[in-house]
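Residue-level listing of the chains:
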Amino acid sequence: MATEAQRAGPSHQTTDPPLSAQPAGFWPQGWWKLLDWKIGIIPVPLYVVLVVLLAILTIEKEVKPDLPTMMVVLAIGGFTCAEIGKRIPVLRSIGAGAIFATFIPSALVYYHVIPEPIEKSIVSFTKFTNFLYLYIATIIVGSILGMDRKVLIQGFVKIFVPLALGSVAAACVGTLVGVLLGKGAYHTFFFIVVPIMAGGVGEGAIPLSIGYAAILGQDQGQLFAQVLPPVMLGSLTAIVFAGTLNYVGKRKPHLTGNGRLQPGTDDILKSKDQDVKDEHGGSHMDVETIAAAGLTAVTLYLLGVMLHHTVGLPAPVAMLFLAVVAKLAQAVSPHLQAGGFVVYKFVRVSMTYPLLFAIGVAMTPWSELMAAFTIVNLIIIVSTVFTIMSVGFVVGKLMGMYPIETAVVNACHSGQGGTGDVAILTAADRMQLMPFAQIATRIGGALTVTGVLIVMRMIAH
């Protein structure tokens, strides 16, 4: 039987609050809120558990270079360093996340702060798995598949102009600054300016030092020790300037396409989740298509490796051209292209800072970086990188491209190879430019090394 209060209807005020208004206990709502607090992508409670587990494994000498362990080590290291950089005033606006994730671990290794078992495992894992190229492969394929075919052709043709003019101007300005500071034109040009634009370490400093040794009749190891520091410091300078341009773009949006190379085009990957659908059916992306897109990127990379062994073209460059051909020939379906975007986004969010941390530990010698930190060298290197980026900015604007994007691409020509591209584009928050960055780094670096060795041989003889 209904009571009088029940018959009174909704207008009657009751003394008990509704269930939704009652204060919730810690479990599970409070715990869920705690899980929403993250360091990078790692929930704070999980972060604490993983740190404790790694400490125990380190003490027990059970840290091994296997995939599960290294995923945890690199994620904790990379996202911790990036989080620190992102929380420092002023510096966070100029790419401190990428800088800290790359160079702090290098310093930690040099000063023996990272336990030796963890350091050895990271070095072994990074060099054995070569997952830098897996990262670059997915980024390049995802970027190219997300571009408009017409814009793809125009962008690849037009980007060579600011790149070439910037390189020539940077070589002239850097050498002139070195002469004014008493370094001498010969030493400044061949041992400071050129290494900056040689394309990194593996495809730049090493072949450059081998060529120098053959021409000059000197020890290759000693020459390598001379050309390596400018490569490292030039890359650091490019990262800082790229982060600064990202800040400028936020203040002056008319100067940037936020990853698009040219105005009025659709050469940027779509960023909205609802756009990641089949363009013809509107269906949501399925797991099988995402997996197929990832395998497509790996396939193109392996084809690039094969071309490297047959015709000598660097594998990333070969993979880049294969991806362009696949896009222009419409060999990849729209659905698979959308899957490529999902893979691109996943890799960019989850792997960038762990990869930079691995690079810092395994491939960035802190002592070589510090060796370049003399006032004279610093001025020469900064003036060189500033010139190549400034010319890219101006020429890009004159050619109808977004000046910040062209300047960032030019910055990659003064970076530390593929590792530098990742750090520079991360600092600039423009990972979509990876295909153009690879052109600047690989092709620009190869042309620089080849041309300079020819000039040195002519001078020597």
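A brief report on the enclosed structure follows. (Residues numbered from 1 in each chain as written. Predicted model: local features only at pLDDT ≥ 70, side-chain atom pairs only at ≥ 80, totals over all residues. Heavy atoms only, no water.)

### A look at the overall build of the protein chain
Within the protein chain, the regular secondary structure consists of 20 helices and two strands. Out of the 461 residues in the protein chain, the part that is buried amounts to 50%. Partitioning the contacts of the protein chain with sequence separation of at least 6, the portion at a separation of at least 24 is 77%. A total of about 21,700 Å² of accessible surface is found on the protein chain, and carbon and sulfur atoms cover 67% of it. (Helix = DSSP H or I, 4+ residues; strand = E, 2+ residues; numbered from the N terminus. Buried < 20%, exposed > 50% of the residue type's maximum accessible area, 1.4 Å probe, protein only. Contact = heavy atoms within 4.5 Å. Areas by Shrake-Rupley, 256 points an atom, 1.4 Å probe, with all protein chains shown as cover.)

### Digging into a nonpolar patch on the surface
A cluster of nonpolar side chains, namely Val48, Val52 and Ile56, defines an oily patch on the protein surface of about 250 Å² accessible area. Mapped onto the elements of the fold, Val48 is located in helix H3 (residues 44-59). (Patch = residues over 30% accessible without salt bridge, like charges linked within 9 Å, V, L, I, M, F, W, Y side chains within 5 Å. Salt bridge = Lys/Arg side-chain N within 4 Å of Asp/Glu carboxyl O.)

### A closer look at helix H15 (residues 334-363)
Across its 30 residues, H15 extends only 38 Å between first and last C-alpha, which sits more than 12% below the 44 Å expected from 1.5 Å per residue. At Met351, H15 shows its maximal kink, close to 50 degrees; a proline, Pro354, follows between one and four residues later. Among the 30 residues that make up H15, 22 are buried, leaving the element largely enclosed by the rest of the structure. (Expected span 1.5 Å × (residues − 1). Bend = angle between axes of the 7 residues up to and from the residue.)

### Describing the packing of aromatic side chains
Scanning all chains against the criterion turns up 12 aromatic pairs. Arranged with centres 6.2 Å apart and planes meeting at 80 degrees, the rings of Phe190 and Tyr212 form a pair that is edge-to-face. With Phe190 in helix H10 (residues 185-196) and Tyr212 in helix H11 (residues 201-216), the pair connects residues that are 22 residues apart, well separated along the chain. For the pair Phe190 and Tyr212, one class covers both residues: buried. Three or more aromatic residues joined by ring pairs form one cluster here, namely Tyr186, Phe189, Phe190, Phe191 and Tyr212. (Phe/Tyr/Trp six-rings, centres within 6.5 Å; stacked < 30°, edge-to-face > 60°.)

### Here we look at the packing of helix H7 (residues 131-145) against helix H14 (residues 315-328)
The interhelical angle for the contact between H7 and H14, taken along N-to-C directions, is 25 degrees, at an axis separation of 10 Å. When the axes of H7 and H14 are compared, the pair comes out roughly parallel. For the pair H7 and H14, the sense of crossing is right-handed. Contacts between H7 and H14 involve Tyr133, Ile136, Ala137, Ile140, Ile144 and Leu145 on the former and, on the latter, Pro316, Met319, Leu320, Ala323, Val324 and Lys327. Across the contact of H7 with H14, the residue classes break down as 11 nonpolar, no polar and one charged. (Axes fitted to C-alpha atoms, helices over the stretch in contact; angles between N-to-C directions. Parallel < 35°, antiparallel > 145°, perpendicular 65-115°, else oblique. Left-handed = near helix turned anticlockwise from the far one by under 90°. Nonpolar A, V, L, I, M, F, W, Y, C, P; charged D, E, K, R; others polar.)

### Regarding the layout of surface pockets
By volume, the largest pocket is sized at about 650 Å³. Forming the boundary of the largest pocket are 27 residues, of which Leu67, Met71, Phe346, Ser350 and Met351 lie nearest the centre. Mapped by element, the contributors of at least two residues to the lining of the largest pocket are strand S2 (42-43), H3, helix H4 (67-86), helix H6 (116-129), H7, helix H13 (287-311) and H15. For the lining of the largest pocket, a count of residues per class yields 23 nonpolar, four polar and no charged. (1 Å grid on protein atoms, 1.4 Å probe; cavity = no way out; pocket = protein on both sides within 12 Å on 5 of 7 lines; lining within 4 Å. Points joined across faces, edges and corners; volume = space filled by probe spheres on them.)

### With respect to the nonpolar core
If you look at soluble globular proteins, the nonpolar side chains tend to sit buried side by side. Ile122, Tyr135, Leu356, Val408, Ile424, Leu425 and Phe436 are the most contacted members of the largest nonpolar core, which totals 112 residues. Looking at this core, the element that brings in the most residues is H15, giving 12 residues. The residues contacting Phe436, other than those within four sequence positions of it, are Met147, Gly155, Phe156, Ile159, Leu261 and Val409. By size, the runner-up hydrophobic cluster in this structure holds 16 residues, among which are Tyr212, Ile215, Val231 and Met456. (Core = buried A, V, L, I, M, F, W, Y, C linked by side-chain atoms within 4.5 Å.)

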